[in-house]
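Listed below are the residues making up each chain.
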Amino acid sequence: MLILLDQDGVLADFERGFLDKWRKQFPNEIYVPLDERASFSLRDDYPQHLGEQIYNIFTAEGFILSLLPIEGAIAGVNELVALGHEVRICTSPFSQYKNCVGEKYAWVEKYFGKQFTKKIILSKDKTLIKGDILIDDNPNPKGILVPEWEHVLFDQPYNRSVRGKCRASWKNYREVLKTTRSEERRVGKECRSRWSPYH
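Residues numbered from 1 in each chain as written. Predicted model: local features only at pLDDT ≥ 70, side-chain atom pairs only at ≥ 80, totals over all residues. Heavy atoms only, no water.

Asks: So what about a nonpolar patch on the surface? Which residues, and what values?
Replies: Taken together, the side chains of Leu128, Ile144 and Leu145 define a hydrophobic patch exposed on the protein surface, amounting to about 320 Å² of accessible area. In this structure, isoleucine 144 sits in the loop between strand E4 (133-136) and strand E5 (150-154). (Patch = residues over 30% accessible without salt bridge, like charges linked within 9 Å, V, L, I, M, F, W, Y side chains within 5 Å. Areas by Shrake-Rupley, 256 points an atom, 1.4 Å probe, with all protein chains shown as cover. Salt bridge = Lys/Arg side-chain N within 4 Å of Asp/Glu carboxyl O. Helix = DSSP H or I, 4+ residues; strand = E, 2+ residues; numbered from the N terminus.)

Asks: Tell me what's going on with empty space enclosed by the protein, and back it up with residues and numbers.
Replies: Within the structure shown, the criterion is met by 1 cavity of 30 Å³ or more. The calculated volume of the largest cavity comes to roughly 50 Å³. Residue lining of the largest cavity: Glu15, Arg16, Phe18, Leu19, Val32, Pro33, Leu34, Arg37, Leu42 and Tyr46, and that is the complete set. Classifying every residue of the lining of the largest cavity by side-chain character gives 7 nonpolar, no polar and 3 charged. (1 Å grid on protein atoms, 1.4 Å probe; cavity = no way out; pocket = protein on both sides within 12 Å on 5 of 7 lines; lining within 4 Å. Points joined across faces, edges and corners; volume = space filled by probe spheres on them. Nonpolar A, V, L, I, M, F, W, Y, C, P; charged D, E, K, R; others polar.)

Asks: Talk me through the sheet that holds strand E6 (residues 167-168); I want residue IDs and the actual numbers.
Replies: Sheet strands pair by backbone hydrogen bonding; their relative direction is either parallel or antiparallel. Strand order in the open sheet formed by 6 strands is E3-E2-E1-E4-E5-E6, with parallel pairing between adjacent strands. Since the sheet does not close on itself, it has two edges, and those belong to strand E3 (120-122) and E6, each with one partner. Two elements, strand E1 (residues 2-5) and strand E2 (residues 86-91), share 4 bridges in a ladder whose sense is parallel. Looking at the pairing, isoleucine 3 lines up with valine 87 of E2. (Pairing = 2+ DSSP bridges.)

Asks: I'd like a rundown of the packing of helix H1 (residues 14-25) against helix H2 (residues 51-58), residues and numbers included.
Replies: Direction vectors running N to C along H1 and H2 enclose 120 degrees, while the axes themselves pass 10 Å from each other. Our classification of the angle between H1 and H2 gives oblique. Where H1 crosses over H2, the handedness of that crossing is right-handed. Each of Phe14, Phe18, Lys21, Trp22 and Gln25 in H1 lies in contact with H2, whose residues at this interface are Gln53, Ile54, Ile57 and Phe58. (Axes fitted to C-alpha atoms, helices over the stretch in contact; angles between N-to-C directions. Parallel < 35°, antiparallel > 145°, perpendicular 65-115°, else oblique. Left-handed = near helix turned anticlockwise from the far one by under 90°. Contact = heavy atoms within 4.5 Å.)

Asks: Residues and numbers for the layout of surface pockets, please.
Replies: Computed from the structure, the largest pocket encloses a volume of approximately 740 Å³. Asp8, Phe40, Ser92, Phe94 and Asn138 are, among the 26 residues lining the largest pocket, the residues nearest its centre. Looking at the lining of the largest pocket, the elements that each hand over two or more residues are H1 and H2. Residue classes in the lining of the largest pocket are distributed as 9 nonpolar, 6 polar and 11 charged. Taken as a whole, the second largest pocket holds about 440 Å³ of empty space. Around the second largest pocket, the lining is made up of 15 residues, and of these Ile70, Glu71, Phe154, Asp155 and Gln156 lie nearest the centre.

Honestly, it's all geometry; don't read function into it.
Here it is in structure tokens:
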């Protein structure tokens, strides 16, 4: 199976990295705890006048490289590879890409080794990329094509209102992979995590 993995929010803990830096740099400003986040875009959960400060934090030099892995991500990816799956990291760079692109590569090398950097796909439009499944925390990855992949939603507080999609975490991914469309076509199963957002 060809598995496409988003980077931020699936492998790298973007949310905790942002919140840590936000509270240190702006200790007197409002902050939104992770479990209260309701929108995919960070800036949608904060007052509009804070948008520039938010953007400046996650586009700053060193931010992406400083992110810690999401718990279970390293072991999960290594297991997927060991099981014989083709795994690619399919990630969207920021429009302000100056620091982002190089640090995404450096982050992957840091946690998965230099050889894994050959498995990075950068694209603002993931519908252009071939694959069996895309595991992504974005509840609605849009593009110009109808994608070949099935979207498996990576569980995060800000996407828990979404229904009707397979939902995965690094705790339940083995079971979810058995019941995605690729496996359904083979063995006639339905995704048992489709309506269970709180794994």
